[in-house]
Structures are given as C-alpha cells and as structure tokens.
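# Structural overview for review
Each chain, written out:
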Amino acid sequence: MLIKVLGASAGGGFPQWNCNGPMSASARARKPGFAARTQSSLAVSADGHRWVLLNCSPDLREQIAHNPELWPDAKGPLRNSPIKAVIVTNADVDHIIGLINLREGTPFTIYGSERVLATINANSVFNVCNPAIVPRLELPLDRAVAIEDHGETLGLTIEAFAVPGKIALFLEDSSDRKSFGSRDGDTIGLKVTETATGRFFYYVPGCAEVDVPLADRIKGAPLIFFDGTLYTDDEMIRQGLLNKTGARMGHISISGSNGSMAAFKDLDVKRKIYVHINNSNPVLDDNSPERKVAEKAGWEVGYDGMEIRI
Ligand code: MLT
Ligand code: MN
C-alpha cells in the first residue's frame with residue numbers, strides 16, 4: 001500500500017493568503033526551514049494505479065499537478081483519471097471543497113459519514129459532481145467496508161469511527177448543537193487496510209481529544225497520521241491572528257498535559273505523523289525548539305510529497 005501526503009497543512013494552507021504573521025511571512029519569504037504546505041489531504045493506493053483520496057482540499061488542482069500518480073493515463077481514453085474514490089472525514093472547507101475540482105464528467109465515488117454526506121447533499125453546488133455518475137455512499141461507523149468504484153473493488157478496506165470533534169465552522173451559526181468535542185459522526189477517523197495483506201494505518205486529521213475509546217482503538221498501531229493543528233491551545237490568540245483556542249475549534253493541541261504528545265506517550269504507536277498543521281504552529285519551522293520537542297517525543301511533521309509504503 002502506498003500513501004502520499006498531498007497536503008499537510010490545515011485550513012488556509014501555509015502560508016495563508018491573508019496572513020502576515022511570523023510563520024506565514026517566513027514561508028512566503030522562502031526562509032530556509034519553512035517549507036510551504038497545501039491543505040489537508042492524503043492519497044492512498046493498493047496497486048499504485050488506482051487512488052483513493054482521503055479528504056479533498058481546495059488545493060487539489062495544485063496537488064494533482066505535483067503528483068504524477070494522479071494524472072490521466074497518457075495511453076488511456078481521452079478523459080480518464082486514476083482517482084477512483086474520495087473519502088471525507090468531516091465537512092470542513094479544507095476537506096470537501098476540492099470535490100469541485102473533480103467536475104467534468106469523470107465517474108468516481110464519494111464516501112462519508114451520514115452527517116457529512118448530509119452537508120454535501122444540502123449544498124447543490126456539489127452536484128457539479130453529478131450523482132448519476134459520482135455516487136455518494138455512506139460509510140457506516142465501526143464497520144469495515146471494501147471501498148469500491150462502480151462495482152470495482154479498489155483493494156482497500158476502510159473502517160470509519162467517530163472521534164471527538166464538532167460540526168463544520170460554517171455550520172456553527174445555523175445549528176442548535178453547541179456541543180464541542182461531541183462524538184456524533186461530524187468528525188470521523190479512518191482505519192485504512194490493504195485488503196490483500198491486512199496492513200493498515202490510521203488517519204485522524206481532526207480530533208478534539210484522545211479519549212479512552214480512541215486510545216484503546218489505536219494502541220499498538222503501526223502508523224497514524226494525526227491532528228497537528230496547533231502546538232499550544234492559545235497560540236493563535238497569542239500571535240494576534242484569531243481570537244479562538246484550539247479547543248473551541250475542535251482540535252487537540254500537540255503540547256500540554258491534555259495534548260497529543262502526552263496522550264500518545266504510552267500508546268506504543270510505532271510511527272506517528274502530524275498532518276492538518278495550522279500556519280500558526282511553530283513545528284512548521286524545521287529549526288524551532290517546538291519541532292525538536294515533538295521529534296524527541298517520536299513524532300514526524302508531515303510535508304507535501306511525503307511518501308510511505310507499508
Ligand atoms: C478546522 O479544521 O477547524 C477548519 O478547517 C477551519 C476552517 O474551516 O477554516
Ligand atoms: Mn480543517
């Protein structure tokens with residue numbers, strides 16, 4: 001199974017278009033150690049030919065340009081694509097808007113939880129991916145599903161599970177559900193298994209808390225891509241960027257006694273990679289003290305183009 005990080009940053013990307021904070025400014029100036037990153041998405045393939053996108057970011061067009069695996073087969077028909085399915089883990093802008101790039105009449109299949117598909121179904125702009133040729137299939141929670149596209153299995157089995165999270169930012173005002181850190185299927189994690197070999201990894205790009213059910217699930221796993229949005233809960237407030245904590249955004253922080261470094265300390269996960277990293281997060285600076293602390297705790301910081309074969 002081949003995994004490619006298409007985009008390792010969170011919503012807004014790195015640098016963010018309107019941000020003149022120290023991190024984005026350094027990336028924009030191409031200072032050494034501040035590699036730019038596009039928004040949150042992975043691509044995974046069992047056979048190296050047919051690909052499944054895990055989230056579909058507004059930067060997908062650029063991500064396809066940088067990853068020849070995702071180009072049409074030059075010897076194939078006039079219109080073709082190796083992208084056969086897209087799995088979305090929540091309805092946030094950084095995870096669903098890339099679907100708009102996949103219009104133009106090529107069939108593929110969209111998978112999401114019932115709650116996330118309801119958001120996509122409620123926005124008619126997504127009908128540019130015509131449901132007649134781009135079916136939307138519900139991923140049940142806590143049950144492994146063989147991922148397929150128009151009846152053809154793709155060699156991957158995916159189990160979705162609810163993690164503590166929240167509804168998408170743009171739905172907050174219209175919802176009467178104010179519970180942050182809820183486990184209702186607004187935010188899911190994925191266990192992705194190569195059907196033929198049983199090799200697997202976890203993908204949890206958004207998560208408010210590593211609670212006991214999540215810790216029990218991922219204990220001893222060979223590999224996880226995990227929510228690395230913020231280093232400290234109040235870093236966006238302290239940098240003067242936005243008056244919001246990570247907790248308010250439904251994202252666990254990396255540091256602190258409730259953070260992901262502490263939560264994973266005794267979980268014996270063999271390889272741990274942060275993704276969905278916000279442009280305020282000092283781990284994006286290769287030479288920062290925070291980066292060294294994360295690496296010392298056994299974490300890698302994801303980057304665009306990172307490739308893993310398991
Ligand atoms: C998030 O991860 O909290 C969202 O992507 C934020 C956003 O939509 O800008
Ligand atoms: Mn996001």
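Everything in this summary refers to the structure shown in the same document. Note on numbering: residues in each chain are counted from 1, in written sequence order. Here the convention is simple: chains get letters from A, ligands get numbers from 1, in the order in which they are written. A pLDDT threshold of at least 70 governs which residues receive local features in this predicted model, and a stricter bar of 80 or more applies before side-chain atom pairs are shown or counted, although totals over entire chains, interfaces and linings include all residues. By convention in this description, side-chain values take in all heavy atoms of the structure and omit both hydrogens and water.

We call a residue near a molecule or strand whenever a single non-hydrogen atom of that residue lies within 4 Å of it. Taken together, Asp92, Asp94, Leu169, Met249, His251 and His276 make up all the residues around ligand 1. N or O atoms within 3.5 Å of each other form a polar contact, as long as, within protein, one can give a hydrogen and the other can take it, and as long as residues adjacent in sequence are counted only when both atoms are side-chain atoms. At 3.3 Å from an oxygen atom of ligand 1 is found a side-chain nitrogen or oxygen belonging to Asp92. His251 places a polar side-chain atom, nitrogen or oxygen, 2.8 Å from an oxygen atom of ligand 1. The method works on a 1 Å grid over the protein atoms by themselves. A cavity is a set of points holding a 1.4 Å probe that cannot get out, a pocket is an open set with protein on both sides within 12 Å along at least five of seven lines, and residues with an atom within 4 Å of a point line them. Molecule-in-pocket calls rest on the fraction of atoms, with more than half required to lie within 2 Å of the cavity or pocket grid points. In this structure the site holding ligand 1 corresponds to the largest pocket. Nonpolar residues are Ala, Val, Leu, Ile, Met, Phe, Trp, Tyr, Cys and Pro. Charged residues are Asp, Glu, Lys and Arg, and all others, Gly as well, are polar. Class assignment for the residues of the shell around ligand 1 results in 2 nonpolar, 2 polar and 2 charged.

Moving on, we get to the environment of Glu172. Secondary structure elements follow DSSP: runs of H or I of four or more residues count as helices, runs of E of two or more count as strands, with numbering from the N terminus. Among the secondary structure elements, Glu172 is positioned in the loop between β8 (152-162) and β9 (188-194). Relative accessible area decides the class of each residue, using a 1.4 Å probe on protein chains only: under 20% of the type maximum gives buried, over 50% gives exposed, and in between gives partly exposed. Glu172 gets classed as buried once you look at its relative accessible area, which sits at 8%. Residues Glu172 and Gly13 lie 159 residues apart in sequence; the distance between their C-alpha atoms is 22 Å.

Turning next to empty space enclosed by the protein. Grid points are joined across faces, edges and corners, and a volume is the space filled by probe spheres set on the points. Tallying each qualifying case throughout the model produces 1 cavity of 30 Å³ or more. In this structure, the largest cavity occupies an estimated 80 Å³ of space. Around the largest cavity, the lining residues are Asn90, Asp92, Gly165, Lys166, Ile167, Thr187, Gly206, Cys207, Met249, Gly250 and His251. Each residue belonging to the lining of the largest cavity can be placed in one class, and the counts come to 3 nonpolar, 6 polar and 2 charged.

Mapped onto the elements of the fold, Thr109 is located in strand β5 (residues 109-112). According to the relative accessible area criterion, Thr109 is buried, its value standing at 1%. Among the polar contacts made by the side chain of Thr109, one reaches the side chain of Asp149 at a distance of 2.7 Å. Excluding its chain neighbours within four sequence positions, the residues that come into contact with Thr109 are Lys84, Ala85, Val86, Pro135, Leu137, Glu148, Asp149 and His150. We call two residues in contact when some of their heavy atoms are within 4.5 Å.

Within this model, the largest pocket holds a volume of roughly 640 Å³. Forming the boundary of the largest pocket are 26 residues, of which Gly11, Leu169, Leu242, Met249 and Asn278 lie nearest the centre. For the lining of the largest pocket, the secondary structure elements donating two or more residues are α3 (93-96) and α7 (246-249). Residue classes in the lining of the largest pocket are distributed as 10 nonpolar, 10 polar and 6 charged. Considered as a void within the structure, the second largest pocket measures approximately 440 Å³ in volume. If you go around the second largest pocket, you meet 17 residues; those closest to its centre are Asn80, Ser81, Asn101, Leu102 and Arg103. Here the residues of the lining of the second largest pocket sort into 9 nonpolar, 4 polar and 4 charged.

Structural measurements only, silent on function.
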